[in-house]
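The lines below spell out each chain.
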There are 4 protein chains.
Amino acid sequence: MTATQYAPAAAARRPVPAHHASLVVQGTDRVGIVAAVGGLLSRRGANILSLDQYSDPDTGAFFQRTLFTLDGLQAALPSLREELAEQLAQGFALDFTLRDVSAPKRMAVFASKSDHCLLDLLWRHRRGELPVSIPMVISNHPDVAEEVRAFGIPYFHVPSMGADKSAAEAEHLRLLKDNVDFVVLARYMQILSPGFIEQVGVPIINIHHSFLPAFIGAGPYAKAKERGVKLIGATAHYVTEDLDEGPIIEQDVVRVTHAETANDLKRRGADVERAVLSRAVLWHAEDRVIRNGNHTIVFS
Amino acid sequence: MTATQYAPAAAARRPVPAHHASLVVQGTDRVGIVAAVGGLLSRRGANILSLDQYSDPDTGAFFQRTLFTLDGLQAALPSLREELAEQLAQGFALDFTLRDVSAPKRMAVFASKSDHCLLDLLWRHRRGELPVSIPMVISNHPDVAEEVRAFGIPYFHVPSMGADKSAAEAEHLRLLKDNVDFVVLARYMQILSPGFIEQVGVPIINIHHSFLPAFIGAGPYAKAKERGVKLIGATAHYVTEDLDEGPIIEQDVVRVTHAETANDLKRRGADVERAVLSRAVLWHAEDRVIRNGNHTIVFS
Amino acid sequence: MTATQYAPAAAARRPVPAHHASLVVQGTDRVGIVAAVGGLLSRRGANILSLDQYSDPDTGAFFQRTLFTLDGLQAALPSLREELAEQLAQGFALDFTLRDVSAPKRMAVFASKSDHCLLDLLWRHRRGELPVSIPMVISNHPDVAEEVRAFGIPYFHVPSMGADKSAAEAEHLRLLKDNVDFVVLARYMQILSPGFIEQVGVPIINIHHSFLPAFIGAGPYAKAKERGVKLIGATAHYVTEDLDEGPIIEQDVVRVTHAETANDLKRRGADVERAVLSRAVLWHAEDRVIRNGNHTIVFS
Amino acid sequence: MTATQYAPAAAARRPVPAHHASLVVQGTDRVGIVAAVGGLLSRRGANILSLDQYSDPDTGAFFQRTLFTLDGLQAALPSLREELAEQLAQGFALDFTLRDVSAPKRMAVFASKSDHCLLDLLWRHRRGELPVSIPMVISNHPDVAEEVRAFGIPYFHVPSMGADKSAAEAEHLRLLKDNVDFVVLARYMQILSPGFIEQVGVPIINIHHSFLPAFIGAGPYAKAKERGVKLIGATAHYVTEDLDEGPIIEQDVVRVTHAETANDLKRRGADVERAVLSRAVLWHAEDRVIRNGNHTIVFS
């Protein structure tokens, strides 16, 4: 089976008005950037719907997210991109991303046996809450196959093959190549190799079942019970080569008591995990998250 | 004693860098506003530190808050204001407010016998958390006089005189006139007359001890106990002629149980009240709250 | 089709240890109740696992929930119940409920078109988070039939028939009679008649999509948007003849901003609704909620 | 100056009804403990106001807190204590603490330069929210002396004397000896020596400015900023020889954003610190916290 054999899933049902684009700009702050962006968009007749801008007072780093409408957007995109490259990239040495938001980002979901994060994403997608398409779910276990396909979404079983991940990862890369814009690890219980992270070439979002940096590594709920904490949490972050150390996108916690066992914490934590992951996915899908070294700027 | 006899309290200790200004723009959305503001500021050499913009998709209303630095700000303010008036007011029919943020807003606090909200404001001010000056505290009770003066802040006792508030309100107006930029009712237990609200001419912020619109009117904690709610809350809002109906700035809640008496709720609620009020005051002081009819836009 | 034609759904997968019982006692406080209950259980060789007791200082009402283990529980239940009746009912004029918790309560779910609360309950039940059995889902719409049956749970379509609810309610009563221990309205958009509430004879839990008592009645999210609140909430309560006025079991809220439309509030609120309802159902299923007039005691 | 030269501060203003006692029982679970306690209290004519009991299903540890009233409590205490010793200590090998709650616990507060936690405790005490007396505040800095004494509470300045803490700690012990029931470190910036912790002989509560176990050690807000977390927190715990490793009593968090500097986090965190510490102190003062190894049972 090859990744090109199936049709991509239907686009998100959340009605994205036509002619909407997002522009994310990032670099070193200088006088005039906002004016340059605003002027360029204004001359093209674009109307800005929302604009968030932040300059880091310590580092002088500049971040801006602009959502705008423009009649005939699709036809105008190439020349608009050219003009932005000229003004922002050359003029101000800024990086920028311009995106037609009516084309939802394509999200692959990796899962193992736990279905709570996976189902929450599929269910929110079906309700139209997540402006993404989901061309595939990949799992190292067959357990969730039926549930995934009930949502009309292709499921691929790529079994783990022990310590040597190269064959499984090669299959992953073949499935993902050119088919997805980002990957979500929805409680996927395999560690990705540095080589895979590099080759996949798209952002990877993971949900970790603790309030990082507390309880790094495996078994965080058992560790939390052992330490006697009064809150447990979850953390959504971008995956980097350093396990559990990537830029944090979102976190949340829930109150627990002495009367709850490690298993109870796991059950309570599942609710936080799915809530945190769904927010991180939504914000990433809407270009609200900007990576800056090991940090994120989130215009939520 | 007259209001002009005393020196205003020291400015906020929160270090406000010189040459910082905030510009709030409000009106009907049109293509080019962001570019016009950005271009104008850029031509003057101002550097934008943060910019929040929001357009209401339903009503087409436009809101923008811009924080920027400009060398020689104070000298430049008059001509900048003129230019903004020309471009924004005439060109786009927009309202705008330009303010040198190194001059903190002057806040009068009204209190009665309860001191929790009052002391929290004074204490945060002393810590440098609130960029305001506090030229006066006015109370209809003598109870808090000593505490207020211990903070080095003038206290004025204006007793309530029964149903006819005209004499007391006249005294209030005399004290406030030209001395304050806004008024905070920190659990002030007197109802202001419509005439007073109109004549005082500055925004008035109130803290209501319930999660409005639940439990409008007096005795909300007793009503909350009676209804058996599981959360109690507080609401900070701008005062209008309609009691408890003004634009909401901030709200929060805290969880309570069946084991708590109405008095416990009152005590628990006091913590929410002071937290909510202090956030509302901070945001108002930093020009983060824009009134729009009976709503607020809060760029927090 | 009649309600007796189908087999009840499988019991909850949450492993309930055998020989566990819950005893809920309620009445007017007097010296010696705890000792009487403790002594009785102790003499029978029962071991108390957890005990929560609360006496209302204002009204003198007494509430106690005791969870205990007893070898040979099932055989011992009748004589234990007799002894409790003698000591508690006759001796202290107390009401009590003794329940073998290894037999999960049977829960019927009523739904309409919205599936978020319904699916959350079914999904939690499948995960073993809710110690109930679900013998049936009843809906006035066919929309959710397939989803419900995918969980292996019987679905019955009882269409609304306009203003006269008598035929539909008769069908409801026929399905429910002797088959369920409580009913959950999972965003069921029909108002139950007083006669139905009386005849059904089991507790009914409803989820209301606002922080009651704010925004009573229909369209709470539109009203919340109109009022400009900064938090929206949901309330789970027992249904009484007075619409939206029954005893509150659980409430929660989520923060919203000016940028969210009434539709966004609805979407955000759906997350609160399902969380609040699932907690209320869990607590009710575990005998943690005691009704006391229009209030609840919740030993959560 | 010696610790015996001054009169203890006034007792807590929170009206504690006479004849109220708390009984905390702890040990290994066995059938009949609740009955034994209940029977004993009942025979003495005591009325139980609230009872919380918890047995750890994993370890078989038993914990019970009972609040009761008894006419002529003070006279009855010695014989009641004797009877409890006989029945609980000898009969069941349980530890117990019986306390007349009308005599508030005596709390010493240690502080350094930061006043937010200190003032919050003093202010809550004055409002009658904390059922403690405060016989002394000890600080290694003179900064807070005036503020403390304004509350009518004795302040003792015991300067730090570098690495050798023995002289300062000897002075601490002399002040505390027989004068206090517990010690609160309200952002006290000195590390206590193991010898001091042992000799002081009363519980010590500390507030740590992070969500432990994240960011153990110094500078947690800087570390939190560096790691880019989205929530910051505070932890109240009992002090043990292992720094930041003692049993956790209470924790809470607050949401932060990329736009907040490490200094902002510090300011935001101060609010969480004082809230968390005040809850921990209240629960400790009301005998709601039971230590169990490195964990706590909190009947809040």
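Further up the page is the structure itself.
Residues numbered from 1 in each chain as written. Chains lettered and ligands numbered in written order. Predicted model: local features only at pLDDT ≥ 70, side-chain atom pairs only at ≥ 80, totals over all residues. Heavy atoms only, no water.

1. Things to note about the packing of helix α3 (residues 116-127) of chain D against helix α8 (residues 262-285) of chain D
When two helices pack together, their arrangement is given by the angle between their axes and by how far apart the axes lie.
Residue and element names in this part refer to chain D.
Then, number 1: Running from amino to carboxyl end, α3 crosses α8 at an angle of 45 degrees, the nearest separation of the two axes being 9 Å. As far as their axial angle goes, α8 and α3 are oblique. Crossing handedness for the pair α3 and α8: right-handed. For the pair α3 and α8, contact is made by H116, C117, D120, L121 and R124 and by A270, E273, R274, L277, S278 and V281, respectively.
Then, number 2: The residue inventory of the contact of α3 with α8, partitioned by class, reads 5 nonpolar, 2 polar and 4 charged. (Axes fitted to C-alpha atoms, helices over the stretch in contact; angles between N-to-C directions. Helix = DSSP H or I, 4+ residues; strand = E, 2+ residues; numbered from the N terminus. Parallel < 35°, antiparallel > 145°, perpendicular 65-115°, else oblique. Left-handed = near helix turned anticlockwise from the far one by under 90°. Contact = heavy atoms within 4.5 Å. Nonpolar A, V, L, I, M, F, W, Y, C, P; charged D, E, K, R; others polar.)

2. Thoughts on the packing of aromatic side chains
Then, number 1: Taken as a whole and judged by the stated rule, the model has 11 aromatic pairs over all chains.
Then, number 2: Each ring, one from F211(A) and one from F211(D), has its centre 5.0 Å from the other, and the planes form 85 degrees; the classification is edge-to-face. With one member in each of two chains, F211(A) in the loop between β9 (204-208) and α7 (220-227) and F211(D) in the loop between β9 (204-208) and α7 (220-227) form a pair that bridges those chains. Considered together, F211(A) and F211(D) belong to a single accessibility category, that of buried residues.
Then, number 3: Judged by centre distance (5.1 Å) and plane angle (85 degrees), the rings of F110(C) and Y188(C) are edge-to-face. In this pair, F110(C) is assigned in strand β5 (residues 105-111) and Y188(C) in the loop between β8 (182-185) and α6 (194-200), connecting sequence segments 78 residues apart.
Then, number 4: Relative accessible area serves as the criterion here: at 9%, Y188(C) is assigned to the buried category.
Then, number 5: A connected cluster of aromatic rings, assembled from ring pairs, spans F110(B), Y188(B) and F196(B). (Phe/Tyr/Trp six-rings, centres within 6.5 Å; stacked < 30°, edge-to-face > 60°. Buried < 20%, exposed > 50% of the residue type's maximum accessible area, 1.4 Å probe, protein only.)

3. Comments concerning the pattern of salt bridges
Side-chain pairing between opposite charges can occur once the charged atoms of the two side chains come close.
All names here are of chain C.
Then, number 1: Summed over all chains, the structure comprises 102 salt bridges over all chains.
Then, number 2: Residues E250 and R279 are paired through a salt bridge, measuring 2.7 Å at the closest nitrogen-oxygen approach. Of this pair, E250 sits in strand β11 (residues 248-255) while R279 sits in helix α8 (residues 262-285), and the two are 29 residues apart along the sequence.
Then, number 3: Among the residues examined, E250 registers a relative accessible area of 2% and is labelled buried.
Then, number 4: The class for R279 is partly exposed, based on a relative accessible area of 25%. (Salt bridge = Lys/Arg side-chain N within 4 Å of Asp/Glu carboxyl O.)

4. As for the relation of the copies chain B and chain C
Then, number 1: When chain B is fitted onto chain C, the two copies agree to an RMSD of 0.0 Å after a turn of 180 degrees and an axial shift of 0.0 Å. In short, the pair behaves as if placed about a two-fold rotation axis. Every residue of chain B has its C-alpha some distance from the rotation axis, and the shortest such distance is that of A214(B), at 2.2 Å.
Then, number 2: When the interface residues of chain B are mapped onto chain C, 100% of them are again interface residues, pointing to one common binding face. (Least-squares fit on C-alpha atoms with pLDDT ≥ 70 in both.)

5. Comments concerning helix α3 (residues 116-127) of chain C
All names here are of chain C.
Then, number 1: Here α3 contains 12 residues, and its C-alpha end-to-end distance of 16 Å stays within 8% of the 16 Å for a straight helix at 1.5 Å per residue.
Then, number 2: Taken residue by residue, α3 has H116, C117, L118, L119, D120, L121, L122, W123, R124 and H125 as its buried positions.
Then, number 3: Following α3 by one or two positions, G128 has its phi on the positive side, about 85 degrees. (Expected span 1.5 Å × (residues − 1).)

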